[in-house]
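# Fold and contact review
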Amino acid sequence: MTEPAPTELPGPLLSRLAACARVVVLDQVGSTNDYALGLRAAGEPAVVLARHQTRGRGRFRRHWYSDDASLCFSLLLCRDHPDFPGSLITHIAGLAACRALESTTGTKPLIRWPNDIMLGEKKIAGILCEARGNGVAVGFGINVNQPSFPENLPDATSLLMATGQTFDKLVLLEACVKETFAALDQAVKDQGAALLTQLKERSAILHRRVEVKTLLRTHIGTCIDIDREGRLVLRTDSGKVLSLSAGDVRRLR
Ligand code: BTN
């Protein structure tokens, strides 16, 4: 891997983050998830932050728009521990991102299962969890100070577009990292019980009519629950109840 040039973080923030993880700050990188997975989890968590990603990706290998106005970072965790809540990690990160956004910006984001962070009908952030060996990279892409998006992204919004204000990406970064560790600790302690309650409260789709596209087919119905494994429980219009562990969800009117 070519080592991209490191950049500087303000000292106090760096020491606070370094208290919970190894910190790598890059000016530019293909994808912070790839970089984090390349570090190999040595037990110690790491935060990889990039000012700019050239090959940022989202779920299903879609391109993730990442310019200088975005906050793009990955948290590398080690999944060796027997209590590591693997099936819930995307939900833990999504909830942490919502809490961080709420406490630092006053917005009230909701989660469109499983990984889209929404302000109203628009997407403000996305989470991408990927595993390699014993490492899991939890990637956060948050649209912060973009005044607009290209026409091919009509569903995207940023904090600037939603509130009219610019925000400090590093304040948001610190809040996301802290909230993720707090939510992880809680999930390990209570096997995800509190997380599940909070996920349902933060859900943009629970009890709503939705279309869910999975790899094999498209289902239409009502989201009736999110189960203990973090799966979406859908009652289809034909009366079947399905538990889905992956898919793309669109809310129907
Ligand atoms: C999605 O909504 O599909 C997930 C988007 C995740 C984007 C982040 S940006 C930091 C990390 N690096 C990547 O290449 N992707 C994630």
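Residues numbered from 1 in each chain as written. Predicted model: local features only at pLDDT ≥ 70, side-chain atom pairs only at ≥ 80, totals over all residues. Heavy atoms only, no water.

### Some points on the overall build of the protein
- Within the protein, the regular secondary structure consists of six helices and 12 strands.
- Here the protein has a C-alpha radius of gyration of 18 Å; the compact-globule value for 253 residues is 18 Å, and the two agree.
- Taken along the three principal axes of its C-alpha coordinates, the protein extends 55 × 45 × 35 Å.
- Counting the 253 residues in the protein, one finds 52% classified as buried.
- Restricting to contacts in the protein with at least 6 residues of sequence separation, those with at least 24 account for 59%. (Helix = DSSP H or I, 4+ residues; strand = E, 2+ residues; numbered from the N terminus. Rg over C-alpha atoms; globule rule 2.2 N^0.38 Å. Buried < 20%, exposed > 50% of the residue type's maximum accessible area, 1.4 Å probe, protein only. Contact = heavy atoms within 4.5 Å.)

### A few points about the sheet that holds strand β12 (residues 248-251)
- Read from one edge to the other, the open sheet built from five strands follows the order β11-β10-β9-β8-β12, with strand pairing classed as antiparallel. Looking at strand neighbours, the two that pair on one side only are β11 (241-244) and β12, the edges of this open sheet. Averaged over neighbouring strand pairs, the angle between their axes works out to 45° when direction is ignored.
- Where strand β8 (residues 209-213) meets strand β9 (residues 218-226), five bridges bridge the pair, whose relative direction is antiparallel. Looking at β9, one finds that Arg209 is bridged to Thr222. (Pairing = 2+ DSSP bridges. Axes fitted to C-alpha atoms, helices over the stretch in contact; angles between N-to-C directions.)

### Side note on the pairing of β11
- Only one face of β11 is covered, namely the one carrying Leu242 and Leu244; the face carrying Val241 and Ser243 has none of its residues buried.
- Bridging between strand β10 (residues 232-236) and β11 involves four bridges; their strand directions are antiparallel. In the sheet register, Val233 faces β11, and the bridge partner there is Ser243.
- The turn linking β10 back onto β11 is made up of four residues, and Gly239 within it adopts a positive phi angle of 95°.

### Let's talk about the site of the ligand
- In the neighbourhood of the ligand, 20 residues make up the surrounding shell, with Ser31, Gln53, Arg57, Arg59 and Lys123 lying closest.
- One of the side-chain N or O atoms of Ser31 is found 2.8 Å from an oxygen atom in the ligand.
- Within the side chain of Gln53, an N or O atom sits 2.9 Å from a nitrogen atom of the ligand.
- In isolation the ligand has 420 Å² of accessible area, and contact with the protein removes 98% of it.
- Judged by its atoms lying within 2 Å of the grid points, the ligand is housed in the largest pocket.
- For the shell around the ligand, the secondary-structure elements that each account for two or more residues are α2 (32-39), β3 (70-78), β6 (122-132) and β7 (135-143).
- Among the elements that take part in the shell around the ligand, β6 stands out by supplying four residues, more than any other.
- Residues that form the shell around the ligand fall into these classes: five nonpolar, 11 polar and four charged. (Near = heavy atom within 4 Å. Polar contact = N/O pair within 3.5 Å; in protein donor to acceptor, adjacent residues only side chain to side chain. Areas by Shrake-Rupley, 256 points an atom, 1.4 Å probe, with all protein chains shown as cover. 1 Å grid on protein atoms, 1.4 Å probe; cavity = no way out; pocket = protein on both sides within 12 Å on 5 of 7 lines; lining within 4 Å. Sits in = over half its atoms within 2 Å of the grid points. Nonpolar A, V, L, I, M, F, W, Y, C, P; charged D, E, K, R; others polar.)

### Some details on empty space enclosed by the protein
- Under the criterion given, the structure shown has one cavity of 30 Å³ or more.
- A volume near 40 Å³ is recorded for the largest cavity.
- The wall of the largest cavity is formed by His91, Ile111, Trp113, Pro114, Leu199, Ser203 and Ile226.
- Grouping the amino acids of the lining of the largest cavity by side-chain chemistry returns five nonpolar, two polar and no charged. (Points joined across faces, edges and corners; volume = space filled by probe spheres on them.)

### Quick notes on a nonpolar patch on the surface
- Among the surface-exposed residues, Phe60, Leu215 and Leu216 lie close enough to one another that they form a single nonpolar patch of about 430 Å² accessible area.
- Here Phe60 lies in the loop between β2 (46-53) and β3. (Patch = residues over 30% accessible without salt bridge, like charges linked within 9 Å, V, L, I, M, F, W, Y side chains within 5 Å. Salt bridge = Lys/Arg side-chain N within 4 Å of Asp/Glu carboxyl O.)

### Considering unusual backbone geometry
- Omega for the peptide link from Trp113 to Pro114 comes to -5°, which places this bond in the cis form.
- Tracing the backbone through its elements, the reader meets Pro114 in the loop between β4 (110-112) and β5 (116-119).
- Despite not being glycine, Gln191 shows a phi value in the positive range, around 55°.
- Here Gln191 is to be found in the loop between α5 (169-190) and α6 (193-201).
- We classify Gln191 as exposed; its relative accessible area is 59%.
- Even without being glycine, His207 reaches a positive phi, approximately 65°.

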